[in-house]
Amino acid sequence: MFSLLPPEPKPADAAAPDDAFAQAMAALQPRHELRHPRLQEAASLQASGQIEAAVPVLDAYLKKHPRDCEALHLMAEARKMQGRFDEGEALLARAVEAAPDLAALRFAYVNALSVASKYDMAFEQMRVLLARDPENPVLRTINIKILEALGDAAAALHIAQQLAQEYPNRAACWLQYGDMLRVVGRSEECVSAYRRAIILESGCAGAWWGLANLKTFRFTEEDLTEMVAELGRPQLPVEGRIALNFALGKAFGQLKQFAKSFDCYARGNALQRLRIQHDPAVPAAYTARCKAVFTAELFARHAGCGAPAGDPIFVVGLGRSGSTLVEQILASHSAVEGTRELSDLTTIARHLELDVAPQRGTDYPGLLAGMDGTELRALGERYLDSTRGYRKLGRPRFTDKMGLNFVHVGLIQLILPNAKIIDVRRHPMACCFSNFTQLFARGQNHSYRQSEIAGFYRHYVDLMAHFDRVLPGRVHRLHYEDLIAQPEAEIRRLLDHLGLPFEPQCLDFHRTERAVSTVSSEQVRTPLYRDALEQWRNYEGWLGPMKSALGDVLEAYPALPAFA
């Protein structure tokens, strides 16, 4: 029987797990000999950051040697650096076909497929790698992420448990095991796994942040002392310093020491903001382009286009708005399968923006106006095909809970006109402050500065108001506060919009057993509560920049401001 907490690690064994992982990773790295001078030249150019100069060199070489796997790999890397991910993926597919026995190429292909959210294809490639090297811990670690993304949380948890058992002295294995235990709702074991990671590596800030992300967990005074001491360590890496600040923000908040709590959140956000890229002008310009392109006349002209299936239910809105709760309610209905935050629509939009738009001399979403019915239907079918692997239960409807799909409402209407769209909206200050207290695994780059969070919320309100005007009644809006105040009435209204009969289990959503990957995984396993509605008011004195930037959006809520 596997014990959750193995014996204390022996100091002499401390380096062994990392050695094993380092060796496993080394076996998956390319060993290009690059005998040809042109490939040496291209590699040198890439290494010095001269990607635009390297591409024509590689292109000329590949015209003469189209199956040279080293050249294909170098070109794939160049395309990835240019942001042309689809081309990079296609080049890696050709490289794997040309040299199927080279694990490094197939491993790079798995990573490219994962970045493109093509997890079913990534899984098939991973099966080949694992058949040849079944004990490789790096492959198994990545396979956990692929399986979890495909909705097979049980299989992912099994592998994570195995790795924690086989490498009991490796904190990262316990951290990943804890993450998977959280996904399946085994909270007590999750806490134990995170604490084991901390025992093994006091600076395992990811485990401290993992504990903070357990909404029902409360830090002890000893935890607080240990985190403060760890934060004072000069050699602590910046990513650890960020995670610990966010965790301490949560811990001090639990103790109602709100000044200290806010100070930690502010430090964590400031450090993270220095590490990411976000230009507030980009969402502003995109919103303006959408309002210019997506007119009532355009939608009338394309009526009847797109794929006719009405299977998808898009749950959109800003992060921390209550969308996971709404998805859990819908997944409790016998006709609806809850999947996860799917990237498939984003992948289609990225393909249009990076690959198609430049060929047509326009931009995204502008190119959609010139597409015909055949093209739009093909895009809709592409979405349905790519999401089919996430549907395990055979139910007629399924949810796609990628909240930022609100930026693609126009695309949804054109390629999937019968899909349903649910906009989950939360009080501006509650939503924006909740984002400010959250360290996201990736994306959400607008959420690390008060004014930028609020500005993004304004663009969201503006864009959705536009679609309300040009597509009246198309989007069903659900306010989180109303759902908490009168759940049955709001759930009935939601199901009516979807054309589904009311089912009592939707009110008992917390009893529905399913894997939930988002940070709200614990909240949706408990009955509705009002505690989080006014949490932001404890910090109101420090949220002036957020309030100011929200302006009339805050004053008008839940109604729309004049500008919208």
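Please read these numbers as outputs of a predicted model, since none were measured by experiment.

The secondary structure content of the chain amounts to 27 helices and five strands. Taking the principal axes of its C-alpha atoms as reference, the chain extends roughly 65 × 65 × 45 Å. By residue count, 55% of the 564 residues in the chain fall in the buried class. When contacts within the chain are restricted to residue pairs at least 6 apart in sequence, those whose partners lie at least 24 apart make up 71%. On the chain, roughly 24300 Å² of surface is accessible, and the fraction owed to carbon and sulfur atoms is 53%. Across the chain, the 64 positively charged side chains and the 67 negatively charged ones have centroids separated by 2 Å.

Attention shifts here to the packing of aromatic side chains. The tally for this structure, following the rule as stated, stands at 20 aromatic pairs. With centroids separated by 4.7 Å and ring planes inclined at 35 degrees, the aromatic side chains of Phe433 and Tyr539 adopt a geometry described as tilted. Remark: Tyr539 occurs in the loop between α25 (487–498) and α26 (544–550) and Phe433 occurs in helix α22 (residues 428–436); sequence separation between them is 106 residues. Accessibility expressed as a relative area gives 3% for Phe433, which makes it buried.

Take helix α11 (residues 187–200) next. For α11, spanning 14 residues, the distance from its first C-alpha to its last is 20 Å, which sits close to the expected 20 Å at 1.5 Å a residue. Residues Cys190, Val191, Ala193, Tyr194, Arg196, Ala197 and Ile198 constitute the buried set of α11. Structurally, α11 contributes buried residues whose contacts are with α10 (171–183), α12 (205–212) and α13 (221–231).

Taken as a whole, the second largest pocket holds about 280 Å³ of empty space. As for the second largest pocket, its lining consists of 20 residues, of which Glu77, Lys80, Leu92, Ala108 and Ala112 are closest to the centre. Among the elements of the structure, α4 (69–81), α5 (85–98) and α6 (103–115) are those that each provide at least two residues to the lining of the second largest pocket. Considering every element that reaches the lining of the second largest pocket, the biggest residue donor is α6, with six residues. Grouping the amino acids of the lining of the second largest pocket by side-chain chemistry returns eleven nonpolar, four polar and five charged.

Let us look at empty space enclosed by the protein. If you walk through the whole model with that rule in mind, you get one cavity of 30 Å³ or more. Size it by volume and the largest cavity reaches roughly 40 Å³. Lining the largest cavity are Arg425, Tyr457, Val461, Val553, Tyr557, Pro558, Ala559, Leu560 and Pro561.

Okay, the pattern of salt bridges next. Under the criterion given, the structure shown has 34 salt bridges. Put simply, Glu375 and Arg360 hold a salt bridge, and the shortest N to O gap is 2.4 Å. Note that Glu375 is positioned in helix α20 (residues 373–387) and Arg360 in helix α19 (residues 344–360), a separation of 15 residues in sequence. Via salt bridges that share partners, Asp423, Arg425, Asp468 and Arg477 belong to a single interconnected network.

The next thing to look at is the nonpolar core. Counting residues in hydrophobic clusters, the biggest one holds 164 residues, and the most contacted among them are Leu352, Leu368 and Tyr457. Per-element accounting of this core gives the leading share, eleven residues, to helix α23 (residues 450–470). Residues within four places of Leu352 in sequence aside, it is in contact with Ala357, Pro358, Tyr364, Leu367, Leu368, Met371, Leu379 and Leu411. Ile329, Val336, Ile422 and Tyr480 belong to the second-largest nonpolar core, a separate cluster that totals 22 residues.

Every disulfide links exactly two cysteines, by a covalent bond between their sulfur atoms. As enumerated under the stated definition, the model contains zero disulfides in all. Cys305 provides the cysteine sulfur closest to Cys290, a residue in no disulfide bond, and the two sulfurs are 19 Å apart.

Calculation criteria
Residues numbered from 1 in each chain as written. Predicted model: local features only at pLDDT ≥ 70, side-chain atom pairs only at ≥ 80, totals over all residues. Heavy atoms only, no water. Helix = DSSP H or I, 4+ residues; strand = E, 2+ residues; numbered from the N terminus. Buried < 20%, exposed > 50% of the residue type's maximum accessible area, 1.4 Å probe, protein only. Contact = heavy atoms within 4.5 Å. Areas by Shrake-Rupley, 256 points an atom, 1.4 Å probe, with all protein chains shown as cover. Lys, Arg positive; Asp, Glu negative; His and termini not counted. Charge placed at Lys NZ, Arg CZ, Asp CG, Glu CD. Phe/Tyr/Trp six-rings, centres within 6.5 Å; stacked < 30°, edge-to-face > 60°. Expected span 1.5 Å × (residues − 1). 1 Å grid on protein atoms, 1.4 Å probe; cavity = no way out; pocket = protein on both sides within 12 Å on 5 of 7 lines; lining within 4 Å. Points joined across faces, edges and corners; volume = space filled by probe spheres on them. Nonpolar A, V, L, I, M, F, W, Y, C, P; charged D, E, K, R; others polar. Salt bridge = Lys/Arg side-chain N within 4 Å of Asp/Glu carboxyl O. Core = buried A, V, L, I, M, F, W, Y, C linked by side-chain atoms within 4.5 Å. Disulfide = S-S within 2.5 Å.

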